[in-house]
Amino acid sequence: MSYLDELYQLDGKIALVTGAGQGIGEAIALALMRCGATAILAGRTESKLVQVERKAKEFGGNCAVRKMDIADPKEIDEGFAWIEKTYGRLDILVNNAGVTIKGKAEELSLEDWQTVISTNLTGSFLCAQHAANLMLPRGHGKIINVISTYAFVGRLRVAYSASKGGELQMTKTMAMEWASRGVNVNALAPTATATPMTSVYETDAQARAEMEKKIPIGRLATPEDMIGAALFLAS
């Protein structure tokens, strides 16, 4: 085994990836499995998770499917209780699940605001809290919160930007609180990424061109662009 293989191998690690049915979550989950981890694929739509499970089986990846809507605290409670009962521990959490609703601040409904905040911020907080309660007693764990460049810049998604800004501050606070106890908390902040959630950029050439002008590299990110950083933070 080479030095780098030894540094990044995740054999025997148990990882939970939320929003694992597509996009960034899918790419990171598959990569974790390729490095030897067992991935718990969590998300709202079980059929999408099963499709990722099939891809994993093609290369011998170890995984389990768990339907879990992180907007529902009860489903989070039940999901983590199942993880503890089934595996006895959790080594890695990738807090990736999220939703977005576009709208001007003066027009956004309270319902839409709460939909975004309850998933992206409250749901991510509860998952991190549950994960930490499994990790802290063992003195080891990795939590990766997938946020967004919307945590730093303002665009026409007030609820999404607020939720991601909140996740950024949540990450910093958790990192400070838990680092001395062996749990590392970090964030990935992708720019606009070509996923089903951003399908508008596939159908609206003008919108895609306008977005690409704002990205220094001149293109949308891909889910695979996140793999290297995620594996580094998980290892």
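Here the structure is a predicted model, which means the values were calculated and not measured.

Trainee: I would appreciate a short explanation of the overall build of the protein in the present structure.
Mentor: Along its length, the protein carries nine helices and six strands. Its C-alpha radius of gyration of 17 Å places the protein within 12% of the 18 Å reference for a compact globule of 235 residues. In terms of overall dimensions, the protein has C-alpha extents of about 50 × 35 × 35 Å along its principal axes. Excluding contacts between residues fewer than 6 apart, the proportion of contacts in the protein whose partners are at least 24 apart in sequence is 72%. Taken as a whole, the protein presents about 11,600 Å² of accessible surface, with 52% of it coming from carbon and sulfur.

Trainee: Could you clarify how one ought to interpret the environment of Leu-110 in this entry?
Mentor: Within the secondary structure, Leu-110 is located in helix 5 (residues 110-135). Using a relative accessible area of 58% as the deciding quantity, one classes Leu-110 as exposed. Taking the C-alpha atoms as reference points, Leu-110 and Ile-28, 82 residues apart in sequence, are found 33 Å from one another.

Trainee: Explain the environment of Gly-23 here, please?
Mentor: Its place among the elements puts Gly-23 in helix 2 (residues 23-34). Under the relative-accessibility criterion, Gly-23 is labelled buried at 14%. Expressed as a C-alpha distance, the spacing of Gly-23 and Asn-96, which sit 73 residues apart in the sequence, is 9.8 Å.

Trainee: Can you walk me through the sheet that holds strand 5 (residues 141-146) in this structure?
Mentor: Paired through backbone hydrogen bonds, the strands of a sheet run either parallel or antiparallel to each other. If you walk across this open sheet you meet the six strands as 3-2-1-4-5-6, and the pairing is parallel. Strands with a single pairing partner mark the edges of an open sheet, and in this sheet they are strand 3 (62-67) and strand 6 (183-188). Across the sheet, the axes of successive neighbouring strands diverge by a mean angle of 15°, strand direction being ignored. Where strand 2 (residues 38-43) and strand 3 come together, six bridges link them in parallel fashion. Looking at strand 3, one finds that Ala-42 is bridged to Arg-66. Against the sheet, helix 5 contacts strand 1 (14-18), strand 4 (92-95), strand 5 and strand 6, and its axis sits at roughly 175° relative to strand 4.

Conventions adopted
- Residues numbered from 1 in each chain as written.
- Predicted model: local features only at pLDDT ≥ 70, side-chain atom pairs only at ≥ 80, totals over all residues.
- Heavy atoms only, no water.
- Helix = DSSP H or I, 4+ residues; strand = E, 2+ residues; numbered from the N terminus.
- Rg over C-alpha atoms; globule rule 2.2 N^0.38 Å.
- Contact = heavy atoms within 4.5 Å.
- Areas by Shrake-Rupley, 256 points an atom, 1.4 Å probe, with all protein chains shown as cover.
- Buried < 20%, exposed > 50% of the residue type's maximum accessible area, 1.4 Å probe, protein only.
- Pairing = 2+ DSSP bridges.
- Axes fitted to C-alpha atoms, helices over the stretch in contact; angles between N-to-C directions.

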